[in-house]
Amino acid sequence: MTPCCRILIPCRSNSFLGLPFKKTHNLSDFRQKCYFHSYPSRILGKGRIINRTQKLFCVVRNSSCGQSRVFSRNCNGINPIGASKRGFHVIASVASDFRNHSTSVEKTRVNNDKNFERIYVQGGLNAKKPLGLENADLDEHAATGQHEKVESVKEGEESPTVKEAWRLLENAVVTYCGSPIGTLAANDPNDKLPLNYDQVFIRDFIPSALAFLLKGEKEIVRNFLLHTLQLQSWEKTVDCYSPGQGLMPASFKVRTVPLDDNKYEEVLDPDFGESAIGRVAPVDSGLWWIILLRAYGKITGDYGLQERVDVQTGIKLIINLCLSDGFDMFPSLLVTDGSCMIDRRMGIHGHPLEIQALFYSALRCSRELLSLDEGSKNLVNAINNRLSALSFHIREYYWVDMKKINEIYRYKTEEYSTEATNKFNIYPEQIPHWLMDWIPEEGGYLIGNLQPAHMDFRFFTLGNLWSIVSSLSTPKQNEAILNLIEAKWYDLVGLMPLKICYPALESEDWRIITGSDPKNTPWSYHNGGSWPTLLWQFTLACIKMNRLDLAKKAVDSAEKRLRVDQWPEYYDTRYGKFTGKQARLYQTWTIAGFLTSKMLLENPETASLLFWEEDYDLLEICVCALKKSGRKKCSRGAAKSQILV
């Protein structure tokens, strides 16, 4: 059997990656260019050997139908154009005029009123518990002795848990034409119905990529970035409707397709949401891709990858999709429920914090990665304006602490003017009873969602942690978030770090908001479940704020159980006592999140390559001052004053 490898690119008239060529260009302007890279032989996991293999991919302009195609040679065959060098990957570097595609967003949208879908999160999120219950519960669990203690090992040696984690991670590696391209979402040999857990997810691969990069292995990450880039412009439809151009797939699978003469070929088959549960497009995939691209360059020093024409084009397509004009009045990104890590109905449609934090990070990454030329000048200006408006919007309106909650508690409603205090017409009755007793005196957090007449007061861990990492929140707010996590350790960390959200939806709220989802029952899965993969982001946030004690405490807690429990996807119950009822075992991002956390703690200085410091120049950018409008008052000073404390 002789395998052949290829990526299928659909025909789209006169385009490369969906960008139109000008008819005045000659065919010679788009002659194929091929790049070769040589990689040493590697062993990935038990018995898995990846040899030096000749591979060549070329993009060739077809003058007859005006389409861009990716051709490949036979994996074990002869190089079709006679090249003798060993190589991994080629994507054509095609010169294209991007000036017509820089951005349609020249202005920054600031907060005004607009009607969106409401999230009916009522005041019944009653997660209040008797005082002292959490200590008794945790102490009782610790006394059972059912889990291992953290292994004591000599300095410089890896613990058995770390060794097993590396073995499992390497065994989860997926190859394409003999080269590593990603990792399976889960690799449980006893799982007879893997659904899409046998695919490579962009979101799930991020901790795996960081683990490999921190270990000094960059080949798999480079391959992943380039191959997923080639999947970006596929035309996928649901009911004859295609999503916006530039969308990255949620996942992909390497499929083997039989050919004639006892041969077969490997094909990458992406999923843009048309096969997903709920049929929701993955908004966060493209944002994570840009974040990983920056991390790759920072850690490896290989900045040539981000300077390639095809990579630059991919960045612009993603950012243009995010910055496209619409009906929204807010600088935050409007998305549907289930379009991020919480990929089922959980009442987060609208402007969820997680997406805003990733959006902010991707914008900051893009500003660093984009080549400064005439074609990207307008796009960079739009990015700066959006960054300024988004940071102000989140810091000012998503933040709650004891002082802010008391202010909301005394809100007046039905205010009409540009100078209204209660800009979103929030009714004080929306403040849930659990929050009044739960919020500590010292500490605060960013709420999960904000829309007209609605504030989702749930604590969403990923959004808050990534706001710290990206400096979307202020330095003062960053400290307050970690102070809250420390004060509410039993609620947010418990026996297994970390709660995806707090508190869980229960009773009637669960029935209405989740649609009676049997997988998202209270304190399970997305509804208050504990996800070990969040460890690496918690560790990164703690290192940035010089709170290594919190990160070590969380990692040690996880290390006691993960190996014994076979690395599950998530844990159930209020304190993460039990393995999730439907959790996959040997979940790759659980394994990779643990390894990344361990390596970051061993070398905290490397964490600075992955987070952002406060950008004070953004505070000086205010579109209000540039526009001759009827606005009488700009509250930018309120956000700036928080920085200077």
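Residues numbered from 1 in each chain as written. Predicted model: local features only at pLDDT ≥ 70, side-chain atom pairs only at ≥ 80, totals over all residues. Heavy atoms only, no water.

1. Points about the overall build of the protein chain
Part 1 of the reasoning: Within the protein chain, the regular secondary structure consists of 20 helices and 18 strands.
Part 2 of the reasoning: Counting across all 645 residues of the protein chain, residues that qualify as buried make up 59%.
Part 3 of the reasoning: Considering only intrachain contacts with a sequence separation of at least 6, the fraction spanning at least 24 residues in the protein chain is 75%.
Part 4 of the reasoning: Total accessible area on the protein chain is roughly 27000 Å²; 50% of this is exposed by carbon and sulfur atoms. (Helix = DSSP H or I, 4+ residues; strand = E, 2+ residues; numbered from the N terminus. Buried < 20%, exposed > 50% of the residue type's maximum accessible area, 1.4 Å probe, protein only. Contact = heavy atoms within 4.5 Å. Areas by Shrake-Rupley, 256 points an atom, 1.4 Å probe, with all protein chains shown as cover.)

2. Here we look at the pairing of strand β11 (residues 251-258)
It is a general feature of regular strands that their side chains alternate between the two faces of the sheet.
Part 1 of the reasoning: Relative to β11, strand β10 (residues 200-201) runs antiparallel, the two sharing 2 bridges. Within the sheet, the bridge partner assigned to Val-200 lies in β11 and is Phe-252.
Part 2 of the reasoning: Bridge count between β11 and strand β12 (residues 263-271): 8 bridges; the pairing is antiparallel. Counterpart to Val-254 in the pairing with β12 is Leu-268.
Part 3 of the reasoning: Between the end of β11 and the start of β12, which pair antiparallel, lie 4 residues, with Asp-261 showing a positive phi angle near 60°. (Pairing = 2+ DSSP bridges.)

3. Overview of the environment of Ile-206
Part 1 of the reasoning: Along the chain, Ile-206 falls in helix α3 (residues 202-214).
Part 2 of the reasoning: Measuring from C-alpha to C-alpha, the distance between Ile-206 and Thr-183 comes to 9.9 Å, with 23 residues separating the pair along the chain.
Part 3 of the reasoning: For Ile-206, the contacting residues outside a window of four places in its chain are Trp-288, Leu-292 and Trp-536.

4. Considering the sheet that holds strand β15 (residues 454-460)
Part 1 of the reasoning: An order of β13-β14-β15-β16 is seen for the 4 strands of this open sheet, with the pairing classed as antiparallel. Single-partner strands in this sheet number two, and they are β13 (399-401) and β16 (501-502).
Part 2 of the reasoning: The pairing of β13 with strand β14 (residues 444-451) spans 3 bridges and is classified as antiparallel. The residue bridging Val-400 from the neighbouring strand is Tyr-445, located in β14.
Part 3 of the reasoning: Where helix α10 (residues 402-409) meets the sheet, its contacts fall on β13 and β15, and the angle it forms with β13 comes to roughly 100°. (Axes fitted to C-alpha atoms, helices over the stretch in contact; angles between N-to-C directions.)

5. A word on the environment of Trp-489
Part 1 of the reasoning: Structurally, Trp-489 can be placed in helix α14 (residues 489-492).
Part 2 of the reasoning: Residue Trp-489 is classed as buried on the basis of its relative accessible area of 8%.
Part 3 of the reasoning: In the structure, Trp-489 is positioned 61 residues away from Leu-550 in sequence and 9.6 Å away in space, judged by C-alpha atoms.
Part 4 of the reasoning: Excluding residues within four positions of it along the chain, Trp-489 makes contact with Gly-494, Phe-538, Leu-550, Lys-553 and Ala-554.

6. Some remarks on the pairing of β14
Part 1 of the reasoning: Counting buried residues in β14 gives 8 out of 8 residues, a clear majority hidden from the surface.
Part 2 of the reasoning: One ladder, built from 4 bridges, connects β14 with β15; its direction is antiparallel. In the sheet register, Leu-450 faces β15, and the bridge partner there is Met-455.
Part 3 of the reasoning: Between β14 and β15, which follow one another and run antiparallel, lie 2 residues, and Ala-453 among them has a positive phi close to 65°.

7. Here's the deal with the confidence of the model for the protein chain
Part 1 of the reasoning: Per-residue confidence for the protein chain gives a mean pLDDT of 80, with 71% of residues at or over 70.
Part 2 of the reasoning: Contacts from residues 8-134, a stretch scored under 50 in pLDDT, to residues over four places away or in other chains number 322 contacts. (pLDDT = per-residue confidence, 0-100.)

8. What about the pattern of salt bridges?
Part 1 of the reasoning: Using the criterion set out here, one finds 20 salt bridges in the structure.
Part 2 of the reasoning: Between Asp-198 and Lys-253 there is a salt bridge, with the nearest N and O atoms lying 2.5 Å from each other. Pair noted here: Asp-198 is in the loop between β9 (179-183) and β10 and Lys-253 is in strand β11, with a separation of 55 residues, a long-range link.
Part 3 of the reasoning: Of the residues examined, Asp-198 reaches a relative accessible area of 25% and is grouped as partly exposed.
Part 4 of the reasoning: In this structure, Asp-615 engages Arg-367 in a salt bridge whose closest nitrogen and oxygen atoms are separated by 2.5 Å. One end of the pair, Asp-615, is in the loop between α18 (588-602) and α19 (623-626); the other, Arg-367, is in helix α8 (residues 353-369), with 248 residues separating them in the sequence. (Salt bridge = Lys/Arg side-chain N within 4 Å of Asp/Glu carboxyl O.)

9. Focus: α8
Part 1 of the reasoning: With 17 residues, α8 ought to run about 24 Å at 1.5 Å a step, and its terminal C-alpha atoms sit 24 Å apart, in line with that.
Part 2 of the reasoning: Buried residues dominate α8, accounting for 15 of its 17 residues. (Expected span 1.5 Å × (residues − 1).)

10. Focus on the packing of α3 against α18
Part 1 of the reasoning: Here α3 crosses α18 at 40°, and the two axes come no closer than 8 Å. Crossing hand, α3 versus α18: left-handed. Across from Arg-203, Asp-204, Pro-207, Ser-208, Leu-210, Ala-211 and Leu-214 in α3, the residues of α18 making contact are Thr-588, Trp-589, Ala-592, Gly-593, Leu-595, Thr-596, Met-599 and Leu-600.
Part 2 of the reasoning: Partitioning the contact of α3 with α18 into residue classes produces 9 nonpolar, 4 polar and 2 charged. (Left-handed = near helix turned anticlockwise from the far one by under 90°. Nonpolar A, V, L, I, M, F, W, Y, C, P; charged D, E, K, R; others polar.)

11. Brief notes about α18
Part 1 of the reasoning: In a regular helix each residue adds 1.5 Å, so 15 residues correspond to 21 Å; α18 covers 21 Å between its end C-alpha atoms and thus fits that length.
Part 2 of the reasoning: Within α18, 14 of the 15 residues are buried, which leaves the element mostly enclosed by the surrounding structure.

12. Remarks on the side chain of Asp-271
Part 1 of the reasoning: Within the fold, Asp-271 resides in strand β12.
Part 2 of the reasoning: Here Ser-275 takes part through its backbone nitrogen, which lies 3.3 Å from a polar atom of the side chain of Asp-271.
Part 3 of the reasoning: Excluding residues within four positions of it along the chain, Asp-271 makes contact with Gln-199, Pro-249, Ala-250, Ser-251 and Ala-276. (Polar contact = N/O pair within 3.5 Å; in protein donor to acceptor, adjacent residues only side chain to side chain.)

13. A look at the packing of aromatic side chains
Part 1 of the reasoning: The tally for this structure, following the rule as stated, stands at 21 aromatic pairs.
Part 2 of the reasoning: Here Phe-330 and Phe-424 contribute two aromatic rings whose centre-to-centre distance is 5.5 Å and whose plane-to-plane angle is 75°, an arrangement assigned as edge-to-face. Taken together, the positions of Phe-330 in the loop between α7 (309-323) and α8 and Phe-424 in the loop between α10 and α11 (433-438) put the pair 94 residues apart, joining distant regions of the chain. By the burial criterion, Phe-330 is buried, and Phe-424 matches it. (Phe/Tyr/Trp six-rings, centres within 6.5 Å; stacked < 30°, edge-to-face > 60°.)

14. Details of the nonpolar core
Part 1 of the reasoning: Trp-289, Tyr-445, Phe-457, Trp-466, Ile-485 and Phe-538 are the most contacted members of the largest nonpolar core, which has 159 residues in total.
Part 2 of the reasoning: Examining the composition of this core, we find that 10 residues originate from one element, α8, more than from any other.
Part 3 of the reasoning: If we skip the residues at most four places from it in the chain, Phe-457 touches Val-400, Ile-408, Gln-430, Ile-431, Pro-432, Trp-434, Leu-435, Tyr-445 and Ile-447. (Core = buried A, V, L, I, M, F, W, Y, C linked by side-chain atoms within 4.5 Å.)

15. Describing the environment of Ala-453
Part 1 of the reasoning: Mapped onto the fold, Ala-453 is located in the loop between β14 and β15.
Part 2 of the reasoning: For the pair Ala-453 and Asn-422, spaced 31 residues apart in sequence, the C-alpha separation works out to 9.7 Å.

16. Remarks on the packing of helix α12 (residues 461-470) against helix α13 (residues 475-487)
Part 1 of the reasoning: At their nearest, the axes of α12 and α13 sit 10 Å apart, and the two run at 145° to each other. The element α12 and its partner α13 pack so that their crossing is left-handed. Along its contact with α12, which presents Asn-464, Leu-465, Ser-467 and Ile-468, the element α13 presents Asn-478, Ile-481, Leu-482 and Ile-485.
Part 2 of the reasoning: When the residues that make up the contact of α12 with α13 are grouped by side-chain class, the tally is 5 nonpolar, 3 polar and no charged.

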